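# Descriptive structure summary
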Amino acid sequence: MSDHVHDGSRRQFIVGGLAGLATSTLAPGVLIADDGAGKNASVPTRKLGKTGLVLPLVSMGVMNADNPNLVAAALDGGIRMLDTAHYYQRGRNEEMVGNVIKDRPRDSFVLATKARASTVDRSHVQDDAKATAETKESFLQKVDLSLRRLQTDHVDILYLHSAKAPEHVLDELVLDAMQTLKQQGKIRFIGVSTHRNQAEVMRAAVESGVYEVVLTAYNFRSRDAATLEETMAFAASSGLGVVAMKTQAGVYLDEERTQKIPMQPALRWALRHEFVHTSIPGFTTFDQLEDDLEVMANPLMTPEDERALPRSDRVAGLYCQQCEACLGQCAAGIDVPTLMRGYMYARGYRNLTAAKDAVRSLRLEAMPCSGCEACTVQCPQRIDVRRRALEVVRLEALPDEFLA
């Protein structure tokens, strides 16, 4: 996934162009610039809710990255927060991040990781016996392993990974374990991440009185954006830090990867409102890093940015919105959103490990769609569910060593 910068001036911009800029705090409200505006001479910041952390509007989602030099360049360029997870690249992602940060002052960066609880999410549990075996101690052991991989004694934010419902957010085992970790000094702030039922999950996080940060999918193609934005604003006004992910909506609109989503306009769109405190775009190349650093320095959205964003709902795109409108439509009872998320990982992000893990989590006993003459699923996003399902399930036959 690595790439390189093509000329010396761009390389100089990435390594040193932003690191020395002063910081300022953006004024409240919607960020829309007039023609020719937005040439900021400093890097704007926002406070991550009541955590007190002050961050640039762009952080790094490390999930798909495998080049430590890219992560180092991001930090050198002024990005402060790195976001990873216990299961990303089956642990190798945390190990890579650990090798990058081990010789840097601990107060020079903010570190976030995530841990799943099998009482909440079975997607990475390989059998039902393990699915019911989660204990407080086993959850704590996952976090201890993450800390060893990251070569640090604490992370700034630990998220409950991929909560899909209020009962997941309020799971007593998770809350007890999180609070224990905080008392032990192994985590500073308790968070929850969500791709599905985001509004419900965020409200439950507020009502719990325990969570301090929420990480939610948010981009210019978000369905029911008004409800999502209202809830994000509610979470922020309640003191929670709000972090946006999936900000570029899958990178490409077409499966041939010829219609690229304009990266800078898409990211600026996600940063328009003050209730988005920072974002974690998942760049994997130095060119993408340059795009994101330019947005970090100049987040104001221009009319040109608005015009550059594709608005047609007739294009399915590679990004599944996880809206769950398809649930219950599949005659075989398959979790279609998870399968489509796996397809997005494979086609959009070229992350075959994450794609295979998503497919494997469904424990399919037979090839999906094989017993159906016609697909009964009608996706509001116009995704061809049957074709994508048949393509992505082929990853189950791919040996794990090929994904290393």
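Owing to the predicted nature of the structure, the values given are computational and were not obtained by experimental measurement.

## A word on the nonpolar core
In terms of nonpolar packing, the biggest core is built from 126 residues, with M60, F139 and Y211 touching the most fellow members. For this core, the element with the most residues is helix α13 (residues 336-347), which contributes 7 residues. With residues near it in sequence (within four places) discarded, M60 still touches A65, L70, V71, A74, I79, M81, L82, D83, I280, P281 and F283.

## Notes on the packing of aromatic side chains
Using the criterion set out here, one finds 1 aromatic pair in the structure. Ring geometry for Y218 and W269: centres 5.0 Å apart, planes at 40°, overall tilted. Placement of the pair is Y218 in the loop between β9 (213-217) and α9 (225-237) and W269 in helix α10 (residues 263-270), with a sequence separation of 51 residues. The exposure classification of Y218 matches that of W269, with both residues buried. The aromatic ring of F234 is capped on one face by R203, whose charged end is 4.5 Å from the ring centroid.

## Thoughts on the pairing of β9
The element β9 is extensively covered by neighbouring structure, given that 5 of its 5 residues are classed as buried. Residues V213, L215 and A217 point to one face of β9 and V214 and T216 to the other, with burial holding for every one of them. Taken together, the 4 bridges between strand β8 (residues 187-194) and β9 define a ladder with parallel strand orientation. Along β9, the bridge assignment pairs V192 with V214. The parallel pair β8 and β9 is bridged by helix α8 (residues 198-208), and the resulting crossover is right-handed.

What counts, and where the lines are drawn
- Residues numbered from 1 in each chain as written.
- Predicted model: local features only at pLDDT ≥ 70, side-chain atom pairs only at ≥ 80, totals over all residues.
- Heavy atoms only, no water.
- Core = buried A, V, L, I, M, F, W, Y, C linked by side-chain atoms within 4.5 Å.
- Buried < 20%, exposed > 50% of the residue type's maximum accessible area, 1.4 Å probe, protein only.
- Helix = DSSP H or I, 4+ residues; strand = E, 2+ residues; numbered from the N terminus.
- Contact = heavy atoms within 4.5 Å.
- Phe/Tyr/Trp six-rings, centres within 6.5 Å; stacked < 30°, edge-to-face > 60°.
- Lys NZ or Arg CZ within 6 Å of the ring centre and 35° of its normal.
- Pairing = 2+ DSSP bridges.
- Right-handed = clockwise from strand over helix to strand, strands pointing away.

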